[in-house]
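One-letter residues, chain by chain:
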Amino acid sequence: MNYRRICLSTVSMLLASLSLLAQAADTALKIPAGIEVEELPPANSQAAKVVIVAGSSFYKPGEHEYIGGCSVLFDLLKQSPSVFPVLAIDWPKKPETFAGAKAVVFMFDGGDKHAILQGNRRSEMQKLVSAGVGLIHFHQAFDYPQALGDRAREYMGASWEKGYSQRAHWVDEFKTFSDHPICRGVTPFKIDDGWLFNLRFVPEMKGITPLLKTVSPKGPAKADPDNDAIVAWTYERAGGGRSFTFTGCHLHASFAEEGYRRFLVNGILWGAGVEIPAAGAPVNLVSSDLGKYLSSK
């Protein structure tokens, strides 16, 4: 009898543990209300399809909030009637999600954890590149494994190279901008970010247009202070197609800055070949609502 009670007790504890693990998984993958994962546009839609791929991992509350940040971008893009955003987690599960996309946005872990390393994703990426689909990389998604450096430069015009490139945190304020369409309506913004810099660009910077530069206030003098400071740029790919990269996006709180939001959304629109309004894309957001996008930890 005692043995039976012990067995029943053990089973009950196991079931309780599994229930807690399931709840934890559901919490970690919390999607803000109003967003359905991989909801595709209707067949007769004329809007530009933009697929946003958000990593499901997280670092600390408010840092590397890939799902939270991509959900913000999703809602901001919905304010542009000529765009239909589609949110995918880690990588699309539906084979038709990438089909017909005008641009794909990546925000997830890089290095040895890079999403492209799994399965046949490299061939899927190559199909996107060959089709001229716009490629947008934010933060760690730009950090391709060093063995794929040449491929990364083919995609984005630059790569983060271990032993050569650097990463560090500091605060900077961006006050002036070029006349590039991505900078339309972008107002000054100040952010604390984790920058990837000292990058390995394509020879002669061919096809590269720098958009933002920043230098560590504590760092040593750079061998190439102009190009080493680039943290955001566009790349007109040799085989056709546009790429936009911003190595920031570390902190979720940065979305409170209107100029920051518009800079990112304008970059996505440009990558998708969508005309950017003279005043920039609409990016209305109540700062106090940012918390609703965060995953519960």
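Residues numbered from 1 in each chain as written. Predicted model: local features only at pLDDT ≥ 70, side-chain atom pairs only at ≥ 80, totals over all residues. Heavy atoms only, no water.

Student: Break down empty space enclosed by the protein for me, citing the residues and quoting the values.
Tutor: As enumerated under the stated definition, the model contains 3 cavities of 30 Å³ or more in all. The calculated volume of the largest cavity comes to roughly 60 Å³. Together, His 64, Glu 65, Tyr 66, Gly 69, Met 107, Cys 249, His 250, Leu 251, His 252 and Phe 255 line the largest cavity. Partitioning the lining of the largest cavity into residue classes produces 5 nonpolar, 4 polar and 1 charged. Within this model, the second largest cavity holds a volume of roughly 40 Å³. In this structure, the second largest cavity is lined by 10 residues; those nearest its centre are Ser 56, Ser 57, Phe 58, Glu 65 and Ser 295. Taken together, the residues that form the lining of the second largest cavity break down as 4 nonpolar, 5 polar and 1 charged. (1 Å grid on protein atoms, 1.4 Å probe; cavity = no way out; pocket = protein on both sides within 12 Å on 5 of 7 lines; lining within 4 Å. Points joined across faces, edges and corners; volume = space filled by probe spheres on them. Nonpolar A, V, L, I, M, F, W, Y, C, P; charged D, E, K, R; others polar.)

Student: Go over the sheet that holds strand 1 (residues 48–54) with me, naming the residues and quoting the values.
Tutor: Spatially, 2-1-3-4-11-10-9 is the arrangement adopted by the 7 strands of the open sheet, whose pairing is mixed. Since the sheet does not close on itself, it has two edges, and those belong to strand 2 (83–89) and strand 9 (208–213), each with one partner. The average angle at which neighbouring strand axes cross in this sheet is 15°, direction not considered. Looking at chain direction, strand 1 and strand 3 (residues 103–107) are connected through 5 bridges and run parallel. Opposite Val 53, over in strand 3, you have Phe 106 as the bridge partner. Running at roughly 75° to strand 10 (residues 230–236), helix 4 (residues 149–156) makes contact with strand 4 (134–138), strand 9, strand 10 and strand 11 (242–246) of the sheet. (Pairing = 2+ DSSP bridges. Helix = DSSP H or I, 4+ residues; strand = E, 2+ residues; numbered from the N terminus. Axes fitted to C-alpha atoms, helices over the stretch in contact; angles between N-to-C directions. Contact = heavy atoms within 4.5 Å.)

Student: Help me get a handle on the nonpolar core, residues and values and all.
Tutor: Soluble, globular proteins show a tendency: their nonpolar side chains are buried together. Ranked by size, the top nonpolar core spans 53 residues in total, and within it Val 50, Phe 138, Phe 244, Phe 246, Phe 263 and Leu 264 carry the most contacts. Of all the elements, helix 2 (residues 66–77) adds the most residues to this core, at 8 residues. Residues within four places of Val 50 in sequence aside, it is in contact with Leu 77, Val 83, Phe 84, Pro 85, Val 86, Ala 103, Val 105, Ile 268 and Ala 272. (Core = buried A, V, L, I, M, F, W, Y, C linked by side-chain atoms within 4.5 Å. Buried < 20%, exposed > 50% of the residue type's maximum accessible area, 1.4 Å probe, protein only.)

Student: Quick rundown of the state of the cysteines? Include the residues and the values.
Tutor: Summed over the entire model, instances satisfying the criterion amount to 0 disulfides. Cysteine Cys 70 remains unbridged, with the sulfur of Cys 249 as its closest cysteine sulfur at 8.7 Å. (Disulfide = S-S within 2.5 Å.)

Shape descriptors only; they carry no functional weight alone.
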